[in-house]
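What follows is the residue order along each chain.
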Amino acid sequence: MLMSTADADATAPDERGTCPICASDDVTHLVSGITDPLTAGDPDWVRYVGLLGLAHDRECGSCGATWNRRQRTPPGPIRLLSSDGASLALLPVLGPDSVDIPDVHSVDIELLSPTRLVRYLGRRLSRRSLLDLSAAWMQAALDVHPELTVSTVQDDEAGLAVQIIESTPFTVTIDVLVVIDPDDDLLEYDGLSFEILRSVLIDATHAAAGWVR
């Protein structure tokens, strides 16, 4: 077997991972190098792509997404923006959480309406919740009546809940709840409901791919 040193850990069977777009575990690892498939002993989800390699090192067999596991560029914001100017945004925060806790993202949660802008700072959103949001948004973009088929995504530590409440053939209405102060004994909530194009949900699932380490 001949492979690059940087890709030497890519074949570990317990690190197959999940797709950041659709959360499927049908993920193929693309390894730079050449090998004899009869003697390599690698799982069938590892594929060698030659000495030059590719720009990405992961592919999803379910939705076709590609990404680079080792990308270190800070992720961009994830934003659901309506034509009326209302939005939910998850804004990445560079800090200890993003370095020391691999499965937690430090985020500012932003709610925007035509009359106000508020940010809830330094919330800790789990990677699992991010994957659940991505899968829910993609399903909501595709299903005929997502208000009946897509479950609410809730992250108690982040104090965030997102639900699909209505739909038309081209739009969906989402309802967002944010806990104002998660440390309070008696929790109070801020919220926003707004209509967005289904295509906006698809864009958001792709933006979420940049958050996966």
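Since the structure is predicted, the reported quantities are computational estimates derived from the model, not experimental observations.

Asks: So what exactly am I meant to see when it comes to the sheet that holds strand 13 (residues 171–179) here?
Replies: Strand order in the open sheet made by the four strands is 11-12-13-14, with antiparallel pairing throughout. In this open sheet, the two edge strands, each paired with only one partner strand, are strand 11 (153–155) and strand 14 (189–197). Strand-to-strand twist in this sheet, taken as the mean axis angle between neighbours without regard to direction, amounts to 20°. Both strand 12 (residues 160–167) and strand 13 contribute to a ladder of seven bridges, which runs antiparallel. Note on strand 13: the bridge partner recorded for Ala-161 is Leu-177. Where helix 2 (residues 127–142) meets the sheet, its contacts fall on strand 11, strand 12 and strand 13, and the angle it forms with strand 11 comes to roughly 165°. Sitting on the sheet, helix 4 (residues 198–209) is in contact with strand 12, strand 13 and strand 14, with an inclination near 110° to strand 14.

Asks: When you look at the packing of helix 2 against helix 4 in this model, what are you seeing that I'm missing?
Replies: Two packed helices can be described by the angle between their axes and the distance between those axes. In the contact formed by helix 2 and helix 4, the axes pass within 8 Å of each other and the chain directions differ by 155°. Here helix 2 is positioned roughly antiparallel relative to helix 4, judged by the angle of their axes. Relative to helix 4, helix 2 is oriented so that their crossing is left-handed. The residues of helix 4 that touch helix 2, namely those facing Leu-130, Ser-134, Trp-137, Met-138, Ala-140, Ala-141 and Leu-142, are Arg-198, Leu-201, Ile-202, Ala-204, Thr-205 and Ala-208.

Cut-offs applied
Residues numbered from 1 in each chain as written. Predicted model: local features only at pLDDT ≥ 70, side-chain atom pairs only at ≥ 80, totals over all residues. Heavy atoms only, no water. Pairing = 2+ DSSP bridges. Helix = DSSP H or I, 4+ residues; strand = E, 2+ residues; numbered from the N terminus. Axes fitted to C-alpha atoms, helices over the stretch in contact; angles between N-to-C directions. Contact = heavy atoms within 4.5 Å. Parallel < 35°, antiparallel > 145°, perpendicular 65-115°, else oblique. Left-handed = near helix turned anticlockwise from the far one by under 90°.

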